[in-house]
Amino acid sequence: MYEIRIHSRGGQGGVTAARLLALAAFRDGKHATACPFYGAERRGAPVVSFVRIDDAPIKIYSQIHNPDMVVVLDASVMETVDVLQGLKEGGKVLVNSEHPQEFPGYTSYHVDLTGIALAQDLAIAGTPIVNTPFLGAAAKLGIVSFESVTQAIREMFADERNVKVAEAAYKELVI
Amino acid sequence: MLMISTGNKAVAAAVKQAAPSVVAAYPITPQTEIIEQIASYVAAGEVETEYIPVESEHSAMAACIGASATGVRTFTATSSHGLLYMHEMLHWAAGARLPIVMANVNRALGPGWNTWAEHTDAFSQRDTGWLQVFVGTVQEAYDATLMAFRIAEDERVLLPVMVNLDGFTLSHIMQSLETVDLGDFIPANRLPYAIDVKNPMGYGPMTGPDDYFRFRWDIERSMRDAREVIRETEEEFARRFGRKYGPAEEYRCEDAEVVVVSMGTLGKEAEVAVDILRKEGIKAGSMRLRWFRPFPDLDLKGREVVVIDRDYSFGFGGVVAASLKAKTGIECYNVIAGLGGQEVTYNDIADFVRDRRIGEEMWFGVSE
């Protein structure tokens, strides 16, 4: 089982990112569950959501305490939240950032999801959409296939720019 | 069709296919997604349903009672305080023998204000005469909702059915869902004594002790008959659609020496714990109780039993453990866990089994 924890801020689409990723994994023929951790969070507060992907049906409903991978959709949450908490040894960290991030003991990746979204003018009420570009990055990291990513995005969104930003993130992420 | 869905949307998808004539509802977290989805089906003309947005849950159930009394299929959904606000009307719906189906997304009761999963809301309505089923997966939320209409409307039952799913843990998780081509699985609703809306008239509904007593006995007879109707319905569902359900879902129970009894999503998490315990040489099994009313006969003889109650009856004990003891005489290790959405993992459940002390009660994380 592959377990992913996504950190974001309320209103940024972190829950949708989890749902998109689960849907893409599901389109790959895998079993997948996506669950938000709903707290008393409000728009702008740090939030987490979870994705599990496996070849067998998934019976676990509790939160992910030891993820294989951590995704940070808003780098500013790292100022107040220990995003590495419980991350497995040698686990992956993907940060939405223009700049490389160093996490000793872990494999880190960065890609400017916000910049990619803004280049396509993809924003809701001024908030750049980072979850659909994130799906492109997830495909580049081999978590899901890029074909399933585009399929999942088209199932959930009519705006074709969402596919374009996924393509851009796929190209830009260096692995 | 195979898709990915939340628990809430799975319930809404089943309701759309059952196509009730009336849905009357009031929003409450974490149920709201169900009625939003149904409202959008109605707005898009995808289902022939009159959607009545009411001003409270009490009114929602009152509207469902009025609609159902005219003989039409009726649905609503609620959670927690919304369910409690319906309380008087829940007794009325069952007493009037109205086959209303309701989804209750199990949520803790305030104060303190808490929107996470707990079963006390449903259990506090256990004596209203409603049938209650608890589900453990998104697929089961869909399947149980479809079956609920058929069971409720069966002439041998004619009682309302409450389909319970864990707040957030199941209502908001995304899992795979296979929808079915329903065909004639749910026969047309035929209420034998429907109100004639074309010829309205009023009666004094006073009922003397003798008739009243007979009506109550008739409810209990139907509850007893409901066991057979549930069995038939679940068998027919399996025959047509290939998914089998029963009064409890048993996992590795055949040779089990210790059985974990639980309800809702904890019952699926318990299966993971059972696999871990088996690897350690502990012959464990899991029994996820699905039906709470009518309460099923469970075969637990000769096994040690660990009951996880995601509920509590203050001054008495865990409701499931107490029910089990009353019905079977079995003394268990009663773990109170998961109240207000408390995190309970498969490792925790495995610990409950390893550390069991039969005859005792333990509040997870707070008592020794």
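Up top is the structure these notes are about.
## With respect to the interface of chain A and chain B
Note on interface size: it is often stated as the accessible area lost on association of the parts.
Here's step 1: At the interface, 20 residues of chain A touch 26 residues of chain B.
Here's step 2: Both faces combined, the contact of chain A with chain B buries some 1,900 Å², and carbon together with sulfur accounts for 62% of it.
Here's step 3: At the boundary of chain A with chain B, the tally comes to 1 salt bridge.
Here's step 4: Note that glutamate 271 of chain B is salt-bridged to lysine 59 of chain A, the shortest N-O span being 2.7 Å.
Here's step 5: At the surface where chain A touches chain B, the tally comes to 9 residue pairs in polar contact (both at pLDDT 80 or more).
Here's step 6: If you list the elements that add at least two residues to the side of chain A that touches chain B, you get α1 (14–27) and β2 (31–36) of chain A.
Here's step 7: Of the residues belonging to the side of chain A that touches chain B, the class tally is 12 nonpolar, 5 polar and 3 charged.

## Quick notes on the sheet that holds strand β5 (residues 101–106) of chain B
Residue and element names in this part refer to chain B.
Here's step 1: Reading across the sheet, the 7 strands line up as β3-β2-β4-β5-β7-β6-β12 and stay open at both edges, with mixed pairing between neighbours. In the strand order of this sheet, the two ends are held by β3 (50–53) and β12 (291–293), each with one partner. Within the sheet, the average angular offset between the axes of one strand and its neighbour, ignoring direction, is 20 degrees.
Here's step 2: For strand β4 (residues 74–78) and β5, the ladder comprises 4 bridges, and the chain directions are parallel. Opposite threonine 76, over in β5, you have methionine 102 as the bridge partner.
Here's step 3: Helix-sheet contacts for helix α1 (residues 7–18) involve β4, β5 and β7 (161–166), and the interaxial angle to β7 is about 155 degrees.
Here's step 4: Packing against the sheet, helix α7 (residues 138–153) makes contact with β4, β5, β6 (131–134), β7 and β12, and its axis sits at approximately 170 degrees to β7.

## Quick look at the pattern of salt bridges
Here's step 1: According to the stated counting rule, one finds 39 salt bridges over all chains in the structure shown.
Here's step 2: The partner of aspartate 255 of chain B in a salt bridge is arginine 278 of chain B, and the shortest N-O contact between them spans 3.0 Å. On the criterion of sequence distance, the pair formed by aspartate 255 of chain B in the loop between β9 (248–251) and β10 (258–262) and arginine 278 of chain B in helix α9 (residues 265–279) is long-range, its members being 23 residues apart.
Here's step 3: The class of aspartate 255 of chain B is partly exposed, set by a relative accessible area of 37%.
Here's step 4: One salt bridge in this structure joins glutamate 360 of chain B and arginine 357 of chain B, with 2.7 Å as the shortest N-O distance.
Here's step 5: Members of the salt-bridge network, linked through shared partners, are Lys59 of chain A together with Glu140, Glu234, Glu249, Lys268, Glu271, Arg288 and Arg290 of chain B.

## Some details on the packing of α1 of chain B against helix α2 (residues 32–43) of chain B
Residues and elements named next belong to chain B.
Here's step 1: Following both chains from N to C, one finds α1 and α2 inclined at 40 degrees, their axes separated by 8 Å at the closest point. With respect to α2, the element α1 is oriented oblique. Crossing handedness for the pair α1 and α2: right-handed. Residue-level contacts link Asn8, Lys9, Val11, Ala12, Ala13, Val15 and Lys16 of α1 to Glu33, Ile34, Gln37, Ile38 and Tyr41 of α2.
Here's step 2: Taken together, the residues of the contact of α1 with α2 sort by class into 7 nonpolar, 2 polar and 3 charged.

## Digging into the sheet that holds strand β15 (residues 361–363) of chain B
All names here are of chain B.
Here's step 1: Taken in spatial order, the 6 strands of this open sheet run β9-β11-β10-β13-β14-β15, and their pairing is mixed. A strand with exactly one partner marks an edge of an open sheet, and here the two such strands are β9 and β15. Looking at each pair of strands side by side, their axes are set apart by 20 degrees on average, direction ignored.
Here's step 2: Judged from the 5 bridges that link them, β10 and strand β11 (residues 284–289) form a sheet pairing that is parallel. Looking at the pairing, valine 260 lines up with serine 286 of β11.
Here's step 3: Strand contacts of helix α10 (residues 319–328): β10, β11, β13 (304–309) and β14 (333–336), with the helix running at about 140 degrees to β13, the strand carrying the most contacts.
Here's step 4: Those strands touched by helix α11 (residues 346–354) are β10, β13, β14 and β15, and its axis lies near 140 degrees from that of β13.

## Points about the nonpolar core
Here's step 1: In terms of nonpolar packing, the biggest core is built from 101 residues, with Met61, Phe75, Trp130, Leu131, Val261 and Leu300 of chain B touching the most fellow members.
Here's step 2: A total of 10 residues in this core trace back to one element, the largest contributor, which is α7 of chain B.
Here's step 3: Taken domain by domain, this core gets at least three of its residues from each of domain 1 (2–241) and domain 2 (249–363) of chain B.
Here's step 4: Residues in contact with leucine 300 of chain B, not counting those within four places in the same chain, are Val259, Val261, Met287, Val305, Leu324 and Ile330 of chain B.
Here's step 5: Residues Val51, Met69, Val71 and Ala137 of chain A belong to the second largest nonpolar core, which totals 45 residues.

Procedures and definitions
Residues numbered from 1 in each chain as written. Chains lettered and ligands numbered in written order. Predicted model: local features only at pLDDT ≥ 70, side-chain atom pairs only at ≥ 80, totals over all residues. Heavy atoms only, no water. Contact = heavy atoms within 4.5 Å. Buried area = accessible area lost by both parts, 1.4 Å probe. Salt bridge = Lys/Arg side-chain N within 4 Å of Asp/Glu carboxyl O. Polar contact = N/O pair within 3.5 Å; in protein donor to acceptor, adjacent residues only side chain to side chain. Helix = DSSP H or I, 4+ residues; strand = E, 2+ residues; numbered from the N terminus. Nonpolar A, V, L, I, M, F, W, Y, C, P; charged D, E, K, R; others polar. Pairing = 2+ DSSP bridges. Axes fitted to C-alpha atoms, helices over the stretch in contact; angles between N-to-C directions. Buried < 20%, exposed > 50% of the residue type's maximum accessible area, 1.4 Å probe, protein only. Parallel < 35°, antiparallel > 145°, perpendicular 65-115°, else oblique. Left-handed = near helix turned anticlockwise from the far one by under 90°. Core = buried A, V, L, I, M, F, W, Y, C linked by side-chain atoms within 4.5 Å. Domains from an automatic or database assignment.

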